[in-house]
Amino acid sequence: MSKPQCWQEVPLATVAFGASALKVQTGLWRSSRPVIDTEKCISCYKCWLQCPDDSIATDDEGKVAGINLFFCKGCGICAKVCPADAIAIYPESEFSEEDREGGKTGADPGEVGAHVG
Amino acid sequence: MSDKKKIMTSGNLAFAEAMRQIDPDVVAAYPITPSTEIPMKFAEFAANGKVTSEYIAVESEHSAISACVGASVAGARVMTASSANGVALMHEIFPIAASFRAPIVFGLVNRSLGAPVNIHCDHSDSMPERDSGWIQIYCEDAQEVYDTVLLSVRLAEDSRVLTPVFVCQDGFITSHCYEPLELLSDETVKKFVGERKALYPLLDTDNPVSYGSFTMSEYYFEIKRSQMEGMNNVLPVYAELAAELEKETGRYYPPIESYRADDADYIILIMSSASGVVKDVVDELREDGIKAGALRVRFFRPFPRKELAALAKGKRGAAVLDRSASIGGTSPLAAEVRSALYSLEEHVPVQEYIFGLGGRDFYAEDAHSVFDDLIKGRYTETPRFIGLLEKDDKNERA
Ligand code: SF4
Ligand code: SF4
């Protein structure tokens, strides 16, 4: 569905079709970025459980493999709960411009307000 | 048309009787004086199997309106009632209901907001809600309450409107006084209100939607503008519906009732039950050859600006009688009237009066002295108070 271009096109009643947050780029809010050291990670899934978004990426074997930066808003909870000290948080400014746009594991193009329309 | 029935009843019981005939899907309420009888009577209907509604007893007014919003977006037809501080406790949820386009029909029985605690009528409970996005209709008597409830269900749910409605009546004066009332048959009411067809029911899991998701500066403004369109459609849609119900009842209520105001020189603008006294005084003055008239404002939201400007055009003086104050500003009705009349080429002088706070009685002699002020051209920048005990006042009636 294309994005509304004027007030006449926004759906009535604040409704978001599909009832899903999967297109909402909460990653745009991020000012700090978690980085997982997969060598240290024991794949206990604590970060996956506690992450307020859908940001902890897993691989085909079901192992924790990285951060989906499309969703990650940099709250730091994952680093706090990690028992293996496998997650470090860096200021976003330490990453290159290009890297900041999407990030390695979150290359989807962002859609601000994707849930409207 | 012998399927109509005449009964003696009150404004509250008229509202409850209309609810029984409408048989809404969900009623969630937390009773408060003077609207208590509405949920009380309805709970009795529900307990005795007179309705199929789900009646939800909740732990506060905030919960009552929250449950109403949830049920309404789920697709149900929902009604409730409250007054005064109960309405104030609901305040947080009112704009959400309006944004969700939840067509709730709400019996608002006007009572003064505390403190001090006072159970009697003024409009200080409904007026703070005037910017919450709800339609506000103020009724003069029990019959009008009954007819307005039926109209409000259709108005709120109309796809061009989709906006919740406050059906306001004066606490005790209208809500508790008994008067003759004509009821339509249950079948006629059921046929008139029909079934609700919700646009995006939350329980339609084949077409999932979410309501009220986080929306920052990129679309909030557009969503609000879209909401305003529903309100803009209210008066034209209301005219259609009111004409349709008139075929059954023989009664028609315009957004502003004009009482002998067509050729009047001096008019009083007023709302709700106190209008009756003003109309009597208009009749008395007319007998003395004085061209007096009254405009009873029924719709406060949307405010019928164009209708008012047309009705008040060319008058030599207008007095606005507000039953609530905006402390530090212009009283709600006076502010609307001044604003609506500002664009008229020929200036109509407007005097603001505050009356009836906390249930202070309003007498025919009060309406007489207001007309007297207009005739003598006595205008003041600040509002005048009717029936207020002033220092050195010889008036000892209060
Ligand atoms: S920083 Fe917060 S949002 Fe990002 S992955 Fe960690 S817990 Fe999830
Ligand atoms: S909490 Fe730490 S150890 Fe556990 S899965 Fe996440 S990164 Fe790996």
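Computed from a predicted structure; not experimentally measured.

K.L.:
How do you make sense of unusual backbone geometry when you look at a structure like this?
P.N.:
A negative phi holds for most residues other than glycine; trans holds for most peptide bonds. For the peptide bond that leads from B:Gly114 to B:Ala115, omega is 0°, which places it in the cis range. By the secondary structure assignment, B:Ala115 is in the loop between β5 (105-110) and β6 (135-138). With an omega of -10°, the peptide bond running from B:Arg301 to B:Pro302 counts as cis. Tracing the chain through its elements places B:Pro302 in the loop between β13 (299-301) and α11 (305-312). Positive phi, normally seen in glycine, also occurs at A:Ala19, with a value near 50°. With respect to the helices and strands, A:Ala19 occurs in the loop between β1 (16-17) and β2 (32-36).

K.L.:
I would appreciate a short explanation of the site of ligand 1 in the present structure.
P.N.:
Around ligand 1 lies a shell of 13 residues, among which A:Cys51, A:Cys72, A:Cys75, A:Gly76 and A:Cys78 are the nearest. Class assignment for the residues of the shell around ligand 1 results in nine nonpolar, three polar and one charged.

K.L.:
Sorry, what's going on with the interface of chain A and chain B here?
P.N.:
Interface size, as often reported, equals the accessible area lost upon joining of the parts. With 18 residues of chain A in contact, the opposing surface of chain B contributes 21 residues. Scanning the region where chain A abuts chain B turns up zero salt bridges. Across the contact surface, chain A and chain B share four residue pairs in polar contact (both at pLDDT 80 or more). When the residues that make up the side of chain A that touches chain B are grouped by side-chain class, the tally is 13 nonpolar, four polar and one charged.

K.L.:
Looking at this structure, I do not really get the pattern of salt bridges. What am I missing?
P.N.:
Pairing is possible between side chains of opposite charge, provided their charged atoms come close. All chains considered together, the criterion is met by 31 salt bridges over all chains. In this structure, the salt-bridge partner of A:Lys73 is A:Asp53, at a minimum N-O distance of 2.9 Å. Note that A:Lys73 is positioned in the loop between β4 (64-67) and α2 (77-81) and A:Asp53 in the loop between α1 (46-50) and β3 (56-58), a separation of 20 residues in sequence. Looking at A:Lys73, the relative accessible area reads 26%, which means it is partly exposed. Exposure remark for A:Asp53: the relative accessible area of 23% places this residue in the partly exposed category. Here B:Asp373 ties to B:Arg384 by a salt bridge, and the two come within 3.0 Å at their closest N and O atoms. With B:Asp373 in helix α13 (residues 364-376) and B:Arg384 in strand β16 (residues 384-385), this pair connects stretches of sequence that are eleven residues apart. Looking at B:Asp373, the relative accessible area reads 11%, which means it is buried. A relative accessible area of 18% means that B:Arg384 is categorised as buried. Through salt bridges with shared partners, one network takes in B:Glu140, B:Glu144, B:Glu257, B:Lys279, B:Arg296 and B:Arg298.

K.L.:
It is not clear to me how the site of ligand 2 should be interpreted in this structure. Could you clarify?
P.N.:
In the vicinity of ligand 2, the residues found are A:Cys41, A:Ile42, A:Ser43, A:Cys44, A:Tyr45, A:Lys46, A:Cys47, A:Val64, A:Cys82, A:Pro83, A:Ala84 and A:Ile87. Grouping the amino acids of the shell around ligand 2 by side-chain chemistry returns ten nonpolar, one polar and one charged.

K.L.:
Would you explain the sheet that holds β16(B) in this entry?
P.N.:
The strands making up a sheet associate through backbone hydrogen bonding, with each pair oriented either parallel or antiparallel. Residues and elements named next belong to chain B. Here six strands make up an open sheet; going across it, the order is β10-β12-β11-β14-β15-β16 and the pairing mixed. Edge positions in the sheet fall to β10 (256-259) and β16, since each has one partner strand and no second. Looking at chain direction, β10 and strand β12 (residues 292-297) are connected through four bridges and run antiparallel. Among the inter-strand pairings, Ser 258 is bridged to a residue of β12, identified as Leu 295. Strands β10, β11 (266-270) and β12 of the sheet are contacted by helix α10 (residues 275-287), whose axis makes an angle of about 165° with β12. With respect to the sheet, α11 is in contact with β10, β11 and β12, its orientation differing from that of β10 by roughly 10°.

Criteria and thresholds
- Residues numbered from 1 in each chain as written.
- Chains lettered and ligands numbered in written order.
- Predicted model: local features only at pLDDT ≥ 70, side-chain atom pairs only at ≥ 80, totals over all residues.
- Heavy atoms only, no water.
- Helix = DSSP H or I, 4+ residues; strand = E, 2+ residues; numbered from the N terminus.
- Near = heavy atom within 4 Å.
- Nonpolar A, V, L, I, M, F, W, Y, C, P; charged D, E, K, R; others polar.
- Contact = heavy atoms within 4.5 Å.
- Salt bridge = Lys/Arg side-chain N within 4 Å of Asp/Glu carboxyl O.
- Polar contact = N/O pair within 3.5 Å; in protein donor to acceptor, adjacent residues only side chain to side chain.
- Buried < 20%, exposed > 50% of the residue type's maximum accessible area, 1.4 Å probe, protein only.
- Pairing = 2+ DSSP bridges.
- Axes fitted to C-alpha atoms, helices over the stretch in contact; angles between N-to-C directions.

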